[in-house]
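A look at the structure
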Amino acid sequence: MRVSAIVLSLAAGAVLAQPLATGPAVRYDGYKVVRVTIDTEEQLQSVLALGADQWTHEVRPGVPTDFMVAPDKLDALDATGLPYEIVNEDVQRAVDAENLRLRDGGVGRAWFDDFKNLTQINDYLDTLAAANPGLATVVDLGDSLQGRSIRGLRIANDAVGNSSCEPSILFNACQHAREWISPMVAMYAAEHLLAEYSTNPDIQSLIDHAEILIVPISNPDGYDYTWTNNRYWRKNRRANGGGSFGVDINRNWGYGWGNNNGSSGDPNSDVYRGTAPFSEPEIQRLRDWTLSRPNFAGDVDLHSYGQYVLWAWGYTSQPTSEAATFSSVGNQMKQAIKAVHNRTYTAGQCYTTLYPVSGGSIDWFWGDPGVINYTIELRGNDFVLPASEIIPNCEEVFPALVYYAEWSLDHYGPVSDFNHDGAVNTLDVLAFLNAWTIKDSSADINGDGTVNTLDVTAFLNAWTSGC
Ligand code: 0X9
Ligand code: ZN
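Since this is a predicted model, take the numbers as computed values, not measurements. (Residues numbered from 1 in each chain as written. Chains lettered and ligands numbered in written order. Predicted model: local features only at pLDDT ≥ 70, side-chain atom pairs only at ≥ 80, totals over all residues. Heavy atoms only, no water.)

Let us now look at the pattern of salt bridges. What the rule picks out here adds up to 21 salt bridges. As a salt-bridge pair, E211 and R154 come within 2.5 Å of each other at their nearest N and O atoms. Here E211, found in strand β8 (residues 211-215), pairs with R154, found in strand β6 (residues 149-155); they are 57 residues apart in sequence, far enough to count as distant. Accessibility classification places E211 together with R154 in one group, the buried group. (Salt bridge = Lys/Arg side-chain N within 4 Å of Asp/Glu carboxyl O. Helix = DSSP H or I, 4+ residues; strand = E, 2+ residues; numbered from the N terminus. Buried < 20%, exposed > 50% of the residue type's maximum accessible area, 1.4 Å probe, protein only.)

A few words on the site of ligand 1. In the vicinity of ligand 1 lie 17 residues, with E179, R234, R251, Y355 and E377 positioned nearest. E179 has a polar side-chain atom sitting 2.9 Å from a nitrogen atom of ligand 1. The separation between a nitrogen atom of ligand 1 and a polar side-chain atom of T375 is 3.0 Å. With the chains in place, 100% of the 420 Å² that ligand 1 exposes on its own is no longer accessible. In a pocket analysis with a 2 Å cut-off to the grid points, ligand 1 is assigned to the largest cavity. Sorting the residues of the shell around ligand 1 by element identifies α13 (361-367) and β14 (374-377) as the ones contributing at least two each. The residue makeup of the shell around ligand 1, split by class, is five nonpolar, eight polar and four charged. (Near = heavy atom within 4 Å. Polar contact = N/O pair within 3.5 Å; in protein donor to acceptor, adjacent residues only side chain to side chain. Areas by Shrake-Rupley, 256 points an atom, 1.4 Å probe, with all protein chains shown as cover. 1 Å grid on protein atoms, 1.4 Å probe; cavity = no way out; pocket = protein on both sides within 12 Å on 5 of 7 lines; lining within 4 Å. Sits in = over half its atoms within 2 Å of the grid points. Nonpolar A, V, L, I, M, F, W, Y, C, P; charged D, E, K, R; others polar.)

What follows deals with the sheet that holds strand β2 (residues 53-54). In space, the four strands of this open sheet follow the order β2-β3-β1-β4, with antiparallel pairing throughout. At either end of the open sheet lies a strand with only one pairing partner, and these are β2 and β4 (84-88). (Pairing = 2+ DSSP bridges.)

Segmenting the chain into domains produces domain 1 (32-89), domain 2 (109-412) and domain 3 (426-465). The centre of domain 1, based on its C-alpha atoms, is set 28 Å off from the matching centre of domain 2. Listed as interface residues are 12 residues of domain 1 and, on the opposing side, 12 residues of domain 2. Where domain 1 abuts domain 2, roughly 920 Å² becomes buried across the two surfaces, and 43% of that area is made up of carbon and sulfur atoms. At the boundary of domain 1 with domain 2, the tally comes to one salt bridge. Residue R178 pairs with D53 through a salt bridge whose shortest N-O separation is 2.9 Å. Linking domain 1 to domain 2 there are one residue pair in polar contact (both at pLDDT 80 or more). Sorting the residues of the side of domain 1 that touches domain 2 by element identifies β2 and β3 (65-69) as the ones contributing at least two each. Here the residues of the side of domain 1 that touches domain 2 are counted per class, giving three nonpolar, four polar and five charged. (Domains from an automatic or database assignment. Contact = heavy atoms within 4.5 Å. Buried area = accessible area lost by both parts, 1.4 Å probe.)

Structure (structure tokens):
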């Protein structure tokens, strides 16, 4: 028995070439990343028909698109006649190297030196909360489909400010399981907001007057699965029936859901939208927390890869009614990123800059709670990226998150603190009356487009309640 098994494997050849199995059971030996120049929708469909996994998404004439393809599909790719180059000969090599490294504890000694699994991330949330009493608490938003808790770190100073109207800002990462850099960037933001509280007055004022919830892993079932079974898993782990698994939770949000342009009704698709809007518990949790806040003020959703700052709409090429605001804040974020390591991120509306996405979070946050919000696509040429990219990527995105949070606080913060000095007192009444006298638009408290006596009443009401 034994001998013949060995002979058989020798005859198979490929078995010999296979390295020792390490890590995720699903292997990508010989899979290539190909960079294809695509000009038309038909050409895109012809590549997707090969079962190719689309890794980058900007599909427009002259901009090459990366796909991962199985080795036995290369002939068929040749047959399409599309020009392409192979940018990675064997995807599995980097997966194996990553796995071996992490199995040995990862590189470096500091927390951000290498990627972290779900348990390690949860432990670090607890560590940060324990080290920062009065500023940070772990919030359990509820369970995923498979019963893992979706956890966040709530950063706020409840001893200061007015929690009944304080703006709430959400930073969430890892809706897509394989995008491992995204929870690292979220965790770095948590650590650094807390670390800089006592030394940076702007951050202190932000934490004193806003509530920030950081959810590093929005899709814990999928994330765990990428560590144990399949490094390139994207969706959650919903059993769709017929042997198909997973809903793309960033196609399941309930605004503009169900559009075939930007999502799929095919359960096998990597952009499968699920059976109904908000059918998936992971994003129900994020939605419910958002809607529970008295003054929800914003979200940044972290993904990888491609270096983009994106905003609504994703489901249509039409601009939103606030396109100018989206663009100016988004471009400030882009500049804040560039100032750190000189990396250029492309800023623009999702549909026109990247590709159509329907049922994505940016559309819901703008369409329902109605807040200016963004998706950031982080660094990489692959979802597997060198550990040495983690810290620079965290460093460059952190100032953009701080800028965004400060802007949101300013824009959606309590009107009673009219002069934005962090305190509500008679100086705010004077500042309001000055603005009101010269009919400055900041004095349009009720937002009806005119500055009149109704705004005086609205301001005094807000001032009395501290909101
Ligand atoms: O396709 C996506 O969901 C995101 N790209 S990724 O490569 N990380 O999968 C882009 C999402 C943009 N945001 C929304 N449209 N909500
Ligand atoms: Zn993503």
